[in-house]
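In case you want the letters, here they are:
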Amino acid sequence: MSENRIQRIGVLVMSYGTPESIDQIEAYYTHIRRGHAPTPEQLQDLKDRYEAIVGGVFPLRENTDNQVKALEARLNEKYPNITFVCYQGLKHASPFIEDGVERMVQDGITEAVGVVLAPHYSAMSVGGYIKRAQEKAGELGLNIAFVRSYHLHPKLIEALALRVEEALARFEVPKERVQVLFTAHSLPEKILEMKDPYPEQLLETSRAIADRTGITQWQFGWQSAGQTGVPWLGPDILDVLRSIKQEERAQHVLVCPVGFVSDHLEVLYDLDIEAQKVARELGIQLERTRSLNTDPLYMETLSDVVYALARKD
């Protein structure tokens, strides 16, 4: 895409999505389950988790809305030679990915860039978002290019490293006595057979943060695995905490969820409630790094990778 020719570019900002109210949880969960309604027990469990997060607010939707607005503002401030218009496309909630593409076309957008609010590529996650957007764009005649990953972008690493350093200061022990645990959303183990880059990209991000902050006591763990009856990547964070206690490696643990970019269920419940409960039972001090949300360095990262595609011929 030539910046001399294109004056108006759409940006499809894609993410997992979340319901906007308790009443929408069943439809949301059914969509995740590919049209199969959850059992009453499964539905109640998910409702209980949302209710546990400050009385059932839905932070992911609000956080995603804010991220999209902040990205659009940063792009237009930083690159005044192009008018960027951002649209949301969600995997499991409205506006769906296809809706975002359709709205761009309805608004007269002919050139676009797609980016997922997740830095690490997997064919089962980011790849699926891209496929859906590409199919709809092809159907409607929209020319769209996609950011596949940005897991080692210097500004992303800087933002995450600053959060690690900030969180380490909360411990009243030297950082050498704190076990740092980087985490991300687990995926089915079959991605290993596919030689999917997801696990290695996550390790590369973790190593870059460790190098920048000078930490040596760190490891990687997985969280939020689905209950699908097939093996998912492990070890799970709860098992890691138990092994840390059993092996007497540390009494202080810092979790840095590098695979997540905003406060939502997997952070506010799976880490702040579920993992925190296990840590307390084990006598472990568990702290968490702040989420990126609309951090200026994260917005810079996204604006850089979007503009890099927008200006290509």
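Draft legend 1. Region of the structure containing the pattern of salt bridges. The full count for this structure, using the stated rule, is 22 salt bridges. In this structure, Lys 155 engages Asp 304 in a salt bridge whose closest nitrogen and oxygen atoms are separated by 3.1 Å. In this pair, Lys 155 sits in helix α6 (residues 154-168) while Asp 304 sits in helix α12 (residues 296-310), placing the two residues 149 residues apart along the sequence. The shortest N-O distance in the salt bridge between Glu 200 and Arg 207 comes to 3.0 Å. Assessed through its relative accessible area of 37%, Arg 207 is described here as partly exposed.

Draft legend 2. Region of the structure containing empty space enclosed by the protein. Under the definition given, this model contains 2 cavities of 30 Å³ or more. Taken together, the residues of the lining of the largest cavity sort by class into 6 nonpolar, 2 polar and 2 charged. By volume, the second largest cavity amounts to about 30 Å³. Forming the walls of the second largest cavity are Lys 175, Glu 176, Val 178, Gly 214, Ile 215, Thr 216 and Gln 217. Looking at the lining of the second largest cavity, its residues break down into 2 nonpolar, 3 polar and 2 charged.

Draft legend 3. A look at unusual backbone geometry. Note that the residue after Ser 94, namely Pro 95, is joined by a cis bond; omega there is 0°. With respect to the helices, strands and loops of the structure, Pro 95 is situated in the loop between β2 (83-90) and α4 (97-106). Pro 235 follows Gly 234 through a cis peptide bond whose omega is 10°. With respect to the helices and strands, the residue Pro 235 is situated in the loop between β6 (218-223) and α9 (237-246). The phi dihedral of Ser 224 falls on the positive side, at around 60°, and the residue is not glycine. Assignment of secondary structure puts Ser 224 in the loop between β6 and α9. Backbone geometry at Asn 293 places phi at a positive 45°, although glycine is not the residue there. On the secondary structure map, Asn 293 appears in the loop between β8 (285-288) and α12. Overall, the relative accessible area of 18% leaves Asn 293 in the buried class.

Cut-offs used in this document
Residues numbered from 1 in each chain as written. Predicted model: local features only at pLDDT ≥ 70, side-chain atom pairs only at ≥ 80, totals over all residues. Heavy atoms only, no water. Salt bridge = Lys/Arg side-chain N within 4 Å of Asp/Glu carboxyl O. Helix = DSSP H or I, 4+ residues; strand = E, 2+ residues; numbered from the N terminus. Buried < 20%, exposed > 50% of the residue type's maximum accessible area, 1.4 Å probe, protein only. 1 Å grid on protein atoms, 1.4 Å probe; cavity = no way out; pocket = protein on both sides within 12 Å on 5 of 7 lines; lining within 4 Å. Points joined across faces, edges and corners; volume = space filled by probe spheres on them. Nonpolar A, V, L, I, M, F, W, Y, C, P; charged D, E, K, R; others polar.

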